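Per-entry structural report
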Number of protein chains: 2
Amino acid sequence: MNILENRILKEGKIINGDVVKVDSFLNHQLDIKFLDKLAEIIKDYFKNKDINKILTIESSGIALATLVSQKFGGINVVFAKKKKTLNISNDIYSSKVSSFTTKKDYEVFVSKEYLNENDNILIIDDFLSEGNALKGLIDISNKANSKIYGISVAVEKGYLNGGKIIRDMGYDLLSLAIIKSIKDGRFTFYD
Amino acid sequence: MNILENRILKEGKIINGDVVKVDSFLNHQLDIKFLDKLAEIIKDYFKNKDINKILTIESSGIALATLVSQKFGGINVVFAKKKKTLNISNDIYSSKVSSFTTKKDYEVFVSKEYLNENDNILIIDDFLSEGNALKGLIDISNKANSKIYGISVAVEKGYLNGGKIIRDMGYDLLSLAIIKSIKDGRFTFYD
């Protein structure tokens, strides 16, 4: 059992049967010392790859992406945004995403200035459910002709098909904890 | 002229006369090595205060808050959220905020679990315009009986009244760059 699985067992909460809430350390309150340990594990796994940019998505991926960046010497992080604001130019790569949590569609986008064919990308996110957010980030990376060198998420819901979809696409996916089942309010994990 | 002012002069763009766009390093692409230097300046300014938690707001404050946390030994970061999702309980402190950028009202909230009377808070954000987001975070902190030990933003628009409002409320506000004016597409700064 690794440090993340332990932490989920200790603090993870289950809402409506399958919404996993780990907001005491991962996506509302951020335990920076703990996330830094996760970043170290991610760096160790991808250490032989010539990664020069991190791509994530607002908001919950940003802290982990920041810490992983430091392990790679402080490479730039780009976070995909979820809606248009006045601050963003029209010169964007975008992709439509269906949210597992909110059941709504939204658009994610990255300015063309910040993603291109010279980028060797590591994609980081907090959760992998049905893989929709990751598919959006992959789509954007492909549109930019960036090379995806790896993908890492903190928590994969192994009882949903997102992980299988991403692995079947051929990507090197590191999930730090893979939940096998949630039964009677208890978590079990895949090894 | 400090490092942030220099960077704004070099890369800052002006949209619609007064929207300052610094998304090459601060709020879309994140230059982690550079933000780490800003975090060091913030830590140095507040080093004698017994700060034990960082409060910020999604999304653009999270990376800087993460790096500032590390300078304080990895204290917890809490980021206020901007809308309710299934993942959030109803047990929240909330405050209404008017966005300077989008001209829309939205609600910010923090789960009651993650903010209380034992928290000595440093509030971090990327931008200070009319002070609405900061006022929301201050309101939430007060509702939680947390103590606000300081506030720091990267860029203050000195030609708007947000900085004056926050300082007049008695808070110790550190703005790393204060834009005095934007005229003919050029920035000037207050010392």
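As a convention, each chain's residues are numbered from 1 in the sequence order in which they are written. Here chains are named by letter from A upward and ligands by number from 1 upward, in the order in which they appear as written. With the structure being a predicted model, the display of local features is reserved for residues of pLDDT at least 70 and the display and counting of side-chain atom pairs for 80 or more, all residues being used for whole-chain, interface and lining totals. Only hydrogens and water are removed before side-chain values are computed, so all heavy atoms of the structure are retained for them.

Here's the deal with the overall build of chain A
Heads up, the condition is: A run of H or I in DSSP becomes a helix once it reaches four residues, and a run of E becomes a strand once it reaches two; helices and strands are each numbered from the N terminus. For this measure, only C-alpha atoms enter the radius of gyration; the expected value for a globule follows 2.2 Å times N^0.38, where N is the number of residues. Working definition: with a 1.4 Å probe on protein chains only, accessible area under 20% of the residue-type maximum means buried, over 50% means exposed, and in between means partly exposed. Using the Shrake-Rupley algorithm and a 1.4 Å probe, accessible areas are obtained, with residue cover drawn only from the displayed protein chains.
In terms of regular secondary structure, chain A is built from 5 helices and 11 strands. By the compact-globule yardstick of 16 Å for 191 residues, chain A fits well, its C-alpha radius of gyration being 16 Å. The principal-axis extent of the C-alpha atoms belonging to chain A is close to 50 × 35 × 30 Å. The buried share of chain A, taken over its 191 residues, is 58%. When the accessible surface of chain A is summed, it comes to about 8000 Å², and 44% of that surface belongs to carbon and sulfur atoms.

Observations concerning the environment of aspartate 126 of chain A
Residues and elements named next belong to chain A. Let me state the cut-off plainly: Any two residues having at least one pair of non-hydrogen atoms within 4.5 Å are treated as being in contact. Counting of polar contacts relies on pairs of N or O atoms within 3.5 Å, with two restrictions inside protein: one atom must be capable of donating a hydrogen and the other of accepting it, and residues adjacent in sequence are counted only when both atoms are side-chain atoms.
Looking at the secondary structure, you find aspartate 126 in strand E8 (residues 120-128). You can call aspartate 126 buried: its relative accessible area is 10%. It is 17 Å that separates the C-alpha atoms of aspartate 126 and lysine 164, two residues lying 38 residues apart in sequence. Residue contacts for aspartate 126: discarding those within four places in its chain leaves Leu26, Asn27, Ser60, Gly61, Val153, Ala154 and Val155. At 3.4 Å, the side chain of aspartate 126 forms a polar contact with the side chain of asparagine 27.

Structural notes on the interface of chain B and chain A
Rules: The term buried area means the drop in 1.4 Å probe accessible area that two parts suffer when joined, counted for both and summed. Any carboxyl oxygen of Asp or Glu that lies within 4 Å of a side-chain nitrogen of Lys or Arg is treated as forming a salt bridge with it.
Counting residues at the interface gives 45 residues for chain B and 45 residues for chain A. Between chain B and chain A the total buried area reaches about 3900 Å² when both faces are included, carbon and sulfur atoms providing 52% of it. Connecting chain B to chain A are 2 salt bridges. Here glutamate 113 of chain B ties to lysine 13 of chain A by a salt bridge, and the two come within 2.8 Å at their closest N and O atoms. Scanning the region where chain B abuts chain A turns up 20 residue pairs in polar contact (both at pLDDT 80 or more). Among the elements of the structure, strand E1 (13-15), strand E2 (19-21), strand E3 (29-30), helix H2 (32-45), helix H3 (62-71), strand E5 (76-80) and strand E7 (105-111) of chain B are those that each provide at least two residues to the side of chain B that touches chain A.

Observations regarding the environment of isoleucine 140 of chain B
Residues and elements named next belong to chain B. With respect to the helices and strands, isoleucine 140 occurs in helix H4 (residues 132-143). Taking the C-alpha atoms as reference points, isoleucine 140 and leucine 174, separated by 34 residues in sequence, lie 20 Å from one another. What isoleucine 140 contacts, discounting residues up to four positions off in sequence, is Tyr93, Ser94, Ser95, Val108, Phe109, Val110 and Leu115.

Some details on the relation of the copies chain B and chain A
As a reminder of what qualifies: Alignment of the copies relies on least squares applied to C-alpha atoms, considering only residues that score at least 70 for pLDDT in both.
Under the fitted operation, chain B is carried onto chain A by 0.0 Å of movement along the axis and a turn of 180°, and the coordinates agree to an RMSD of 0.0 Å. Taken together, the rotation angle and the small translation identify this as a two-fold axis.

Looking at the sheet that holds strand E3 (residues 29-30) of chain A
In a beta sheet, neighbouring strands pair by backbone hydrogen bonds and run either parallel or antiparallel. Which entries qualify depends on this criterion: Think of it this way: DSSP has to see at least two bridges between two strands before they count as a pair. Orientation is described by axes fitted as lines to C-alpha atoms, over the contacting stretch for helices, and by angles from 0 to 180 degrees between their N-to-C directions.
Read across the open sheet, the 7 strands follow the order E3(A)-E5(B)-E4(B)-E8(B)-E9(B)-E10(B)-E11(B); overall the sheet is mixed. Two strands close off the open sheet at either side, each with one partner strand: E3 of chain A together with strand E11 (186-189) of chain B. Of the strand pairs in this sheet, strand E8 (residues 120-128) of chain B and strand E9 (residues 147-157) of chain B are connected by 8 bridges, and their pairing is parallel. Each bridged residue has a counterpart across the sheet, and for isoleucine 123 of chain B the counterpart in E9 of chain B is isoleucine 151 of chain B. Running over the sheet, H3 of chain B touches E3 of chain A together with strand E4 (53-57), E5, E8 and E9 of chain B and is turned about 170° from E4 of chain B. Lying on the sheet, H4 of chain B is in contact with E4, E5, E8 and E9 of chain B; it crosses E8 of chain B at an angle near 165°.

Structural notes on the packing of helix H1 (residues 3-11) of chain B against H2 of chain B
Residues and elements named next belong to chain B. Put simply, the rule reads: Residues were grouped as follows: Ala, Val, Leu, Ile, Met, Phe, Trp, Tyr, Cys and Pro as nonpolar; Asp, Glu, Lys and Arg as charged; and all remaining residues, including Gly, as polar.
One way to put it is that H1 packs onto H2 with a least axis distance of 10 Å and a crossing angle of 145°. Mapping the contact onto sequence places Ile3, Leu4 and Arg7 in H1 and Phe34, Lys37, Leu38 and Ile41 in H2. Looking at the contact of H1 with H2 residue by residue, the class counts come to 5 nonpolar, no polar and 2 charged.

Remarks on helix H3 (residues 62-71) of chain A
In terms of burial, H3 of chain A is a largely internal element, 8 of the 10 residues being buried. Those residues of H3 of chain A that sit buried are Ile62, Ala63, Leu64, Ala65, Thr66, Leu67, Val68 and Ser69 of chain A.

Structural notes on a positive patch on the surface
Heads up, the condition is: Exposure above 30% relative accessible area and the lack of any salt bridge qualify a residue for a patch; like charges then connect within 9 Å, and the nonpolar side chains Val, Leu, Ile, Met, Phe, Trp and Tyr within 5 Å. We count Lys and Arg on the positive side and Asp and Glu on the negative side, and we leave His and both chain ends out. Charged side chains are reduced to one point each, which is NZ for Lys, CZ for Arg, CG for Asp and CD for Glu.
Where like charges cluster on the molecular surface, the positive patch consists of Lys82, Lys83 and Lys104 of chain A together with Lys82, Lys83 and Lys104 of chain B. With respect to the element layout, lysine 104 of chain B can be found in the loop between strand E6 (92-98) and E7. With a relative accessible area of 58%, lysine 104 of chain B lands in the exposed category.

Concerning the side chain of serine 69 of chain A
When you line up the elements, serine 69 of chain A lands in helix H3. For serine 69 of chain A, a relative accessible area of 0% corresponds to the buried category. Not counting residues within four places of it along the chain, the set of residues in contact with serine 69 of chain A comprises Ile54, Gly74, Ile75 and Val77 of chain A together with Ile32 of chain B.

Side note on the packing of aromatic side chains
Short version of the rule: Within 6.5 Å between ring centres, the rings of Phe, Tyr and Trp (the latter by its six-membered ring) count as paired, and their orientation is classed by plane angle as stacked under 30 degrees, edge-to-face over 60, tilted in between. For a Lys NZ or an Arg CZ to count as sitting over a ring, it must be within 6 Å of the ring centre and within 35 degrees of the ring normal.
Applying the stated rule across the entire model yields 6 aromatic pairs over all chains. Ring geometry for phenylalanine 187 of chain A against phenylalanine 189 of chain A: centres 6.5 Å apart, planes inclined by 15°, an arrangement best described as stacked. In terms of burial, phenylalanine 187 of chain A and phenylalanine 189 of chain A fall into one category: buried. Seen in terms of ring centroids, phenylalanine 25 of chain B and phenylalanine 34 of chain B are 5.4 Å apart; in terms of plane orientation they differ by 85°. Their pairing is edge-to-face. Comparing phenylalanine 25 of chain B with phenylalanine 34 of chain B, the two get one shared label, buried. Sitting over the ring of phenylalanine 34 of chain A, arginine 7 of chain A keeps its end group 4.8 Å from the ring centre.

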